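Geometric and topological summary
Below, each chain spelled out in residue letters.
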Amino acid sequence: MQSPSTTITATIHNSNLTPIFLPKFPPNPLRFRQEFFHRHRSVSMASSFGRFKVNSKMDNSSDGFLTITEYAGKGGVNVGDDLVVLFSHLEYAFKRIAALVASPVNFSLGKSSGGNQEVDSGRDKPKPLDIVSNEIILSSLKNSGKVAVMASEEDDAPVWITDNAQFVVVTDPLDGSRNIDASIPTGTIFGIYNRLPELDNLPTEEKAMLNSLQSGNRLIAAGYVLYSSATILCTTFGSGAHAFTLDRSTGDFVLTHPDIKIPPRGQIYSVNDARYFDWPEGLRQYIDTIRQGKGKFPKKYSARYICSLVADFHRTLMYGGVAMNPRDHLRLVYEANPLSFLAEQAGGKGSDGKNRILGIQPVKLHQRLPLFLGSPEDIEELESYGDVQQTVNPGYDV
């Protein structure tokens, strides 16, 4: 006896009927459009994603999306063959991590073997899923043949990979992994530098470290991957910020948010309010003022806090406002620098409360600092309060 589903399928086929519940996709959705890159042949079109609007340069008849490889390649912004190859290997790693964090088979990997203690180097105690994600990225970088050294939140020291390769990659392989058990969004953060050839004659450990401690001003590309209801790769090659969404039907990251511009001012602040009484007076005054609507923007702010840096920053990039951790907690090299570079490319700012993040010279691989990211007017107003960096840190165990 045939199952009901088999009978329904056969009926539809024999009757030449199209079931009304089948999705309708635009024709050839990944079609490459040269017009995207030539402004004199295109018009500006506004695309709306909820309350967030982006301007895309596509012609009136365009019905397609660009893959990230097409966007970065010779037909697009042309970042160079070596960087395109590196990104193709990073994409593979990100797709593996996206599958890993969503897999019930590997769900137990998200559980920590202990508390949230630090190890001697200042890193957080790694969890199994962090370690697996780190190995996935390291393997992909090795296979690319384009990376000289990788510095990771999960390693005490940078890993030297290939002599004479062009790039240096810094990364937090899985940000927010403590939230895995609750299925809260997580992410990967990465930054890419050119290798410094003037260091080539130094011992391996020394040149690996010095290549990894470059100022954020020297970044040539950076981005994050958000693992949530959609997997979104938001990146910059130094000419604007763009987000690509993983099309699970094709396995491609396709351009869905071209030329992201963070609003000059938002109406959302993101911080752990439970630490209010440990904050300095300036930060408490700032938060009290904006949530009462008594700041430079005459509307009351709302609080939104996920406790996942990538997720909180992604929302801030979309809607504006400010995302912050006011204590010496986030890492300059592989969290603050890449996200600040991306924020600036979207028209926003990254600050430690006093100084521009990208102007700070790292002195240690796992160097920590306060971090404030967001809309330029919000960051400027926050900095005007002066005392916004939290120095009281009694230690929090959650």
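This write-up is about the structure you can find in this document. Note that the structure is a prediction, hence the values are computed from the model and not measured. Residue positions are given per chain, counted from 1 along the sequence in the order it is written. Given that the model is predicted, a residue must reach a pLDDT of at least 70 before its local features are reported, and side-chain atom pairs must reach 80 or more before they are shown or counted; all residues, however, enter totals for whole chains, interfaces and linings. Where side-chain values are given, they derive from all heavy atoms of the structure, hydrogens and water being excluded.

Points about the overall build of the protein chain
- Put simply, DSSP marks the helices as runs of H or I at least four residues long and the strands as runs of E at least two long, and each gets a number from the N terminus on. Check the secondary structure of the protein chain and you find nine helices and 15 strands.
- Here the protein chain holds 398 residues, and 52% of them are scored as buried.
- Pairs at least 24 residues apart make up 65% of the contacts formed inside the protein chain by residues separated by at least 6 positions.
- When the accessible surface of the protein chain is summed, it comes to about 18300 Å², and 51% of that surface belongs to carbon and sulfur atoms. For every residue, the accessible area obtained with a 1.4 Å probe (protein chains only) is divided by the maximum for its type, and the residue is called buried under 20%, exposed over 50%, and partly exposed between those limits. Here, two residues are considered to be in contact whenever any of their heavy atoms come within 4.5 Å of each other. The method behind every accessible area is Shrake-Rupley, applied with a 1.4 Å probe, and residues are considered shielded solely by the protein chains displayed.

Topic: the pattern of salt bridges
- Within this document, salt bridges are pairs made up of a side-chain nitrogen of Lys or Arg and a carboxyl oxygen of Asp or Glu, the two lying within 4 Å of each other. Applying the stated rule across the entire model yields 15 salt bridges.
- Linking Asp378 and Arg265 is a salt bridge whose minimum nitrogen-to-oxygen distance equals 3.2 Å. Here Asp378, found in helix 9 (residues 376-383), pairs with Arg265, found in the loop between strand 10 (252-260) and strand 11 (268-270); they are 113 residues apart in sequence, far enough to count as distant. Comparing Asp378 with Arg265 shows no difference in burial state: the two are buried.
- Here the salt bridges share partners, and the residues they tie into one network are Arg265, Glu377, Asp378 and Glu381.

What about the sheet that holds strand 15 (residues 368-374)?
- Read across the open sheet, the five strands follow the order 12-11-13-15-14; overall the sheet is mixed. Each end of this open sheet is capped by a strand with a single partner; those strands are strand 12 (302-303) and strand 14 (349-351).
- As judged from the three bridges shared by strand 14 and strand 15, these two strands associate in the antiparallel manner. Bridge pairing in strand 15 places Lys349 opposite Gly374.
- Here the axes come from fitting lines to C-alpha atoms, over the contacting stretch only for helices, and the angles between their N-to-C directions go from 0 to 180 degrees. The strands that helix 6 (residues 281-291) touches are strand 11 and strand 13 (322-331); relative to strand 13, the one it contacts most, it runs at about 160°. Two strands are said to pair when DSSP picks up at least two bridges between them.

Treat this as a map of the structure, not an account of what it does.
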